[in-house]
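Observations on the three-dimensional arrangement
For reference, the chains in residue letters:
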Amino acid sequence: MTTVDQHRSTPEPDEPDGPVPGPSPSGYAAARVRLLHGRSRTGPERRAALSALTDDWLAALFQAADAPRGVSLVAVGGYGRGELSPRSDLDLLLLHDGGDRTRTAALADRLWYPVWDLGLALDHSVRTPAETRRAATDDLKVQLGLLDARHLAGDPALTAALRATALADWRNLAPKRLPGLRDLCAERAARHGELAHLLEPDLKEARGGLRDATALAAVAASWLADAPRHGLADARRRLLDARDALHLTTGRATDRLALQEQDQVAATLGLLDADALLRQVYEAGRVLAYAGEVTWREVGRVLRARAARPRLRTVLGGRGRGTDPTPRTPLAEGVVEHDGEVSLARSARPERDPVLPLRAAAAAAQAGLPLSPHAVRHLARSTGPLPVPWPAEAREQFVTLLGAGHPTVQVWEALEAGGLISRLLPDWERVRCRPQRNAVHTWTVDRHLVETAVRAAALTRRVARPDLLLVAALLHDIGKGWPGDHAVTGATIARDTAARIGFDAQDTAVLATLVRHHLLLVDTATRRDLDDPATVATVAGAVRTTGTLELLHALTEADALATGPAAWSTWRGTLVTELVRRVADRLGGTPPAAPTVPSAVAAGESADHERLAVEAHRTGGPVLALRAQQPPPTPGDGDHPEPLGVELLVAVPDRPGVLPAVAGVLATHRLTVRAAELREQALPTGLGGASADRPGGAVLLLDWRVAAQYGSLPQAARLRADLVRALDGSLDIAARLAERDAAHPRRRGIEPPPPQVTVAGSASRQATVIEVRAQDAPGLLHRIGQALERAGVRVRSAHVSTLGANAVDAFYVTDPAGAPLAADRAAALARDLESDLRG
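Residues numbered from 1 in each chain as written. Predicted model: local features only at pLDDT ≥ 70, side-chain atom pairs only at ≥ 80, totals over all residues. Heavy atoms only, no water.

1. Regarding the overall build of the chain
Each helix and strand in the chain was counted, giving 30 helices and 15 strands. If you take every contact in the chain between residues at least 6 apart in sequence, the share linking residues at least 24 apart comes to 72%. (Helix = DSSP H or I, 4+ residues; strand = E, 2+ residues; numbered from the N terminus. Contact = heavy atoms within 4.5 Å.)

2. Points about the environment of Arg297
Tracing the chain through its elements places Arg297 in helix α11 (residues 274–316). The spacing of Arg297 and Glu341 is 44 residues in sequence and 9.4 Å in space, taken between C-alpha atoms. Polar side-chain contacts of Arg297 include one of 3.5 Å to the backbone oxygen of Leu371. (Polar contact = N/O pair within 3.5 Å; in protein donor to acceptor, adjacent residues only side chain to side chain.)

3. Examining helix α25 (residues 606–619)
Helix length check: α25, at 14 residues, gives a terminal C-alpha distance of 20 Å against a target of 20 Å (1.5 Å per residue), a fit within 8%. Among the residues of α25, those classed as buried are His609, Leu612, Ala613, Ala616 and His617. Relative to the axis of α25, the buried residues are bounded by an arc of 135° and lie together on one face. In this structure, α25 carries Ala607, Arg611 and Arg618 as exposed residues pointing more than 90 degrees from its buried face. Gly620 sits one or two positions beyond α25 and adopts a positive phi of about 75°. (Expected span 1.5 Å × (residues − 1). Buried < 20%, exposed > 50% of the residue type's maximum accessible area, 1.4 Å probe, protein only. Arc of directions from axis to C-beta.)

4. Overview of the packing of helix α22 (residues 533–543) against helix α24 (residues 570–587)
In contact at an axis separation of 9 Å, α22 and α24 are set at 70° when each is read in the N-to-C sense. The angle between α22 and α24 falls in the class roughly perpendicular. Relative to α24, the crossing made by α22 is right-handed. Residues Val536, Ala537, Val539, Ala540 and Val543 of α22 pack against Leu579, Arg582, Val583, Arg586 and Leu587 of α24. (Axes fitted to C-alpha atoms, helices over the stretch in contact; angles between N-to-C directions. Parallel < 35°, antiparallel > 145°, perpendicular 65-115°, else oblique. Left-handed = near helix turned anticlockwise from the far one by under 90°.)

5. Observations regarding the sheet that holds strand β7 (residues 341–344)
The strand order β5-β6-β7 describes an open sheet built from three strands, whose pairing is antiparallel. For this open sheet the edge positions go to β5 (328–332) and β7, each flanked by a neighbour on one side alone. Within this sheet the neighbouring strands show an average axis-to-axis angle of 40°, counted without direction. Here β5 runs beside strand β6 (residues 335–338); their pairing, made up of four bridges, is antiparallel. Looking at β6, one finds that Ala332 is bridged to Val335. Taken strand by strand, helix α12 (residues 356–367) contacts β5, β6 and β7, and its axis lies near 40° from that of β6. (Pairing = 2+ DSSP bridges.)

6. Let's talk about the sheet that holds strand β1 (residues 71–75)
Spatially, four strands are ordered β3-β2-β1-β4 in an open sheet, and the strand pairing comes out mixed. The strands lining the two open edges of the sheet, one partner per strand, are β3 (122–127) and β4 (150–154). Adjacent strand axes in the sheet meet at a mean angle of 20°, parallel and antiparallel pairs treated alike. Across six bridges, the pairing between strand β2 (residues 90–96) and β3 is parallel. By the bridge assignment for β3, Leu94 is matched with Val126. Contacting β1, β2 and β4, helix α2 (residues 43–64) crosses the sheet at an angle of about 30° to β4.

7. Focus: the pattern of salt bridges
Across all of its chains, the model carries 53 salt bridges by this definition. One salt bridge connects Glu298 with Arg301, and the closest N-O pair in it is separated by 2.5 Å. Of this pair, Glu298 and Arg301 are both found in helix α11, three residues apart, which corresponds to roughly one turn of the helix. Residue Arg301 is classed as buried on the basis of its relative accessible area, which comes to 13%. Note that Glu341 is salt-bridged to Arg301, the shortest N-O span being 3.4 Å. A residue pair is termed long-range when its members are at least 10 positions apart, and Glu341 in strand β7 and Arg301 in helix α11 qualify at 40 residues. Each member of the pair, Glu341 as well as Arg301, is classed as buried. Where salt bridges share partners, they join Glu194, Arg207, Glu293, Arg297, Glu298, Arg301, Asp339, Glu341, Glu413, Arg447 and Glu451 into one cluster. (Salt bridge = Lys/Arg side-chain N within 4 Å of Asp/Glu carboxyl O.)

8. Concerning unusual backbone geometry
A cis amide bond, omega 0°, links Val388 with the succeeding residue Pro389. Phi is positive for Trp223, which is not a glycine, with a value near 70°. Residue placement: Trp223 occurs in the loop between α8 (210–222) and α9 (232–250). Take Trp223: its relative accessible area is 65%, and that puts it in the exposed class. In this structure, Asp339 takes a positive phi of about 55° despite not being glycine. With respect to the helices and strands, the residue Asp339 is situated in the loop between β6 and β7.

9. Re the side chain of Glu451
Here Glu451 shows up in helix α17 (residues 445–457). Not counting the four nearest positions on each side in its chain, Glu451 is found in contact with Val409, Trp443 and Ala562.

10. Examining the confidence of the model for the chain
Note: predicted coordinates in regions of low pLDDT should not be interpreted at a detailed level. Predicted confidence across the chain gives a mean pLDDT of 87, with 88% of residues reaching 70 or more. Across residues 1–17, confidence stays below pLDDT 50; counting only partners more than four residues off in sequence or on other chains, it has 39 contacts. Taken together, the stretch residues 690–695 has pLDDT below 50 and engages in six contacts with residues farther than four places along the chain or on a different chain. (pLDDT = per-residue confidence, 0-100.)

11. Observations regarding α9
Between its terminal C-alpha atoms α9 stretches 27 Å, which fits the 27 Å expected from 19 residues at 1.5 Å a residue. Most of α9 is tucked away: 15 of the 19 residues are buried.

12. Examining the nonpolar core
Counting 95 residues, the largest nonpolar core has Leu371, Trp390, Phe398, Trp412, Leu425, Trp428 and Val583 as its most contacted members. Per element, the largest residue contribution to this core is nine residues, and it comes from α12. Excluding its chain neighbours within four sequence positions, the residues that come into contact with Trp412 are Phe398, Leu401, Leu402, Ile421, Leu425, Trp428, Val450 and Leu474. Membership of the second largest hydrophobic core comes to 49 residues, among which are Val757, Val772, Phe811 and Val813. (Core = buried A, V, L, I, M, F, W, Y, C linked by side-chain atoms within 4.5 Å.)

13. A few points about the pairing of strand β13 (residues 768–775)
Most of β13 is tucked away: seven of the eight residues are buried. Bridge count between strand β12 (residues 756–760) and β13: five bridges; the pairing is antiparallel. When the bridges of β13 are listed, Val757 appears paired with Val772. Of the pairings in the sheet, the one linking β13 to strand β15 (residues 806–814) comprises eight bridges and is antiparallel in character. Residue pairing in the sheet places Gln775 in a bridge with Asn806 of β15.

14. A look at the packing of aromatic side chains
All chains considered together, the criterion is met by four aromatic pairs. Ring geometry for Tyr28 versus Trp57: centroids 4.3 Å apart, planes at 5°, classification stacked. With Tyr28 in helix α1 (residues 25–37) and Trp57 in helix α2, this pair connects stretches of sequence that are 29 residues apart. The exposure class of Tyr28 is buried, given its relative accessible area of 0%. Its guanidinium or amino end placed over the ring of Trp223, Arg171 lies 3.7 Å from that ring's centre, counting from NZ or CZ. A cation over a ring is seen here: Arg447 above Trp443, with NZ or CZ 4.2 Å from the ring centre. (Phe/Tyr/Trp six-rings, centres within 6.5 Å; stacked < 30°, edge-to-face > 60°. Lys NZ or Arg CZ within 6 Å of the ring centre and 35° of its normal.)

15. Points about the packing of helix α14 (residues 392–402) against helix α18 (residues 466–475)
Two elements in contact, α14 and α18, have axes separated by 9 Å at closest approach and are oriented at 70°. Classed by the angle they form, the pair α14 and α18 counts as roughly perpendicular. On the side of α14, the interface is formed by Phe398, Val399 and Leu402, while α18 contributes Asp467, Leu470, Val471 and Leu474. For the contact of α14 with α18, the residue count by class is six nonpolar, no polar and one charged. (Nonpolar A, V, L, I, M, F, W, Y, C, P; charged D, E, K, R; others polar.)

Given below as structure tokens:
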């Protein structure tokens, strides 16, 4: 046999194809070689020309074979779509009406053998329309191939009838066949991996490859659902172009883009190098993978709705026309859950709310739900840029998104598909879809950064600043998009990005240090002598504080776990932990950096606090004040720094149950606590003593920074009325919260790391410090306050902060006599509180 398109090191000059001279194999072979190795046609034009050339040749063979009546030659599959690559199979069906089978068999031989003689791959069948229909019913792949059936020669009416029948059958059977097609796509992805992350991807079979593009077209043909159209045709074209170049480079019918072929394939496509080729392939794979995810989700929703429709009609008795059977459940301001996705509320105004994309993304990730593609497009089209530096809410929502664990990935991909990530973080564009030519790495640079944040989310209970850990995880390899040492370059980028996000100078310096030294611990632990004092001194000099060391330890583990199975082991973990222990000893117990939250005791506020305390003492009841909270001026802010939120001041005469009562009232009004402090407020001289009608002169001042989950803030008068009832016992907060949750149950969403409660042994001489690290949730402070009340301890002060979705709280407690707790009682209190929060 003669092979017609072997690889040539020097392409022949391009020549006009011209008509194929009859059915001559040699004429077709020569024209095919000129077409494939000419310079004037590439990409879709060459594939279409090759298909047309092959059409003409096969039609000539058909005519020369004296075909009987009632027979047609049909192209199916990729050839039917007119997408012949240099080494593609010819997918052919010889369709006949069941007449003279002997002549039909002879015709098949006269068609198939010339194809085989030229060394072309052939996928062929000879069937009647009825046999074809049965084969399609039995084999999903046959049915998919028939969707692209195209007439080549013979009886056109026979081909037209087949096309009509195939499409009608597919649309009628789609509700039953589409789940099977979805399963085939999932099985193929499990076998071949994700096209967008493999160093040697299979352009056809991997998730986001050409097979998925064909499946999306089949879904569209079913009329049940359709894929997002933006970028889809271009992504498919790029993968087909890469496959063409791969076939020409190797001379084989291969779809696997092997490392040794990538430079030559890139050169054939006119690209700079193999990295440019992979990045182009990865971008196309992501577009197709995201389109597939959205499409299959839509298919599932449509099929569920079709199954539920008869039951709904029965329930509504025909009265439900025009009603929406799927409720819209609020998740955050301007964000709702609707039909299994996170969408924008009807009242949302993206053009006036630049934080909305991050708020929607954080809500989706925390709920473990996908972002609606319609919402993403609307946000990308309508939302203006965030001010720089970002508002406090934007920073908090960003951290919340990063801290959601694995659901962060699908939400991040949705934001990427809408172009929102590069708008939020301009430096992200340099690492997006960037390959890592290291067998240890599983992911591209950008996906590795997101995966590191996912791993870091599980370690947030180990650090005092989970927000810094999560942001450092996302940025630690950001320098890989630039020349030079990526850790050095990345530190500079991280400093700029942190300032953009709105971190203060101290936190920005910590983030830059983490990025600069993110390889320090594992490199030192595995390559240096830990018994050498210089080793420990070097690391201590780089990190400087135990707070930074604590963060770097968690970042090191998250980075290694996100790299791949070969990057982390028990041995490495043990060495790193031992190094961290020795460095911490050398640093001498420098406490971790405290969360950066607005202080409740700014110097200019003491008069307001004193006034509230006096009023609370005079009336014997709670006094409230709501006001916009301003940060201290910083250089460049001018005279009008940006508000940090709403500050709620509550002064209450000291008595048991104040903390759980106030926290519970805030929870019942759906107020999210971002930061809080509780302390005793000194009264002016002459007002603090006890009297017959006012036993005890102490007043507790609670300073809260709050935000409404959605809707507007309640009036201070309503809050005070409920607080009075909570304190006198006439308002059952637990019952109110349970009633609200029953009416509007919260979606469970992600499974966060379990809460952790510890005793900070040397943090204070006047009190015992109980530290709580947990997932923020409505009523969390109420539960903590109740547990402390049941334990019979007195809360002298409290310092509460919410960093993204993580609550990091410290409670200074004493026994009823005002003394610190004994060590055994403090440990038991911590255990009981942790058990209560986990339950």
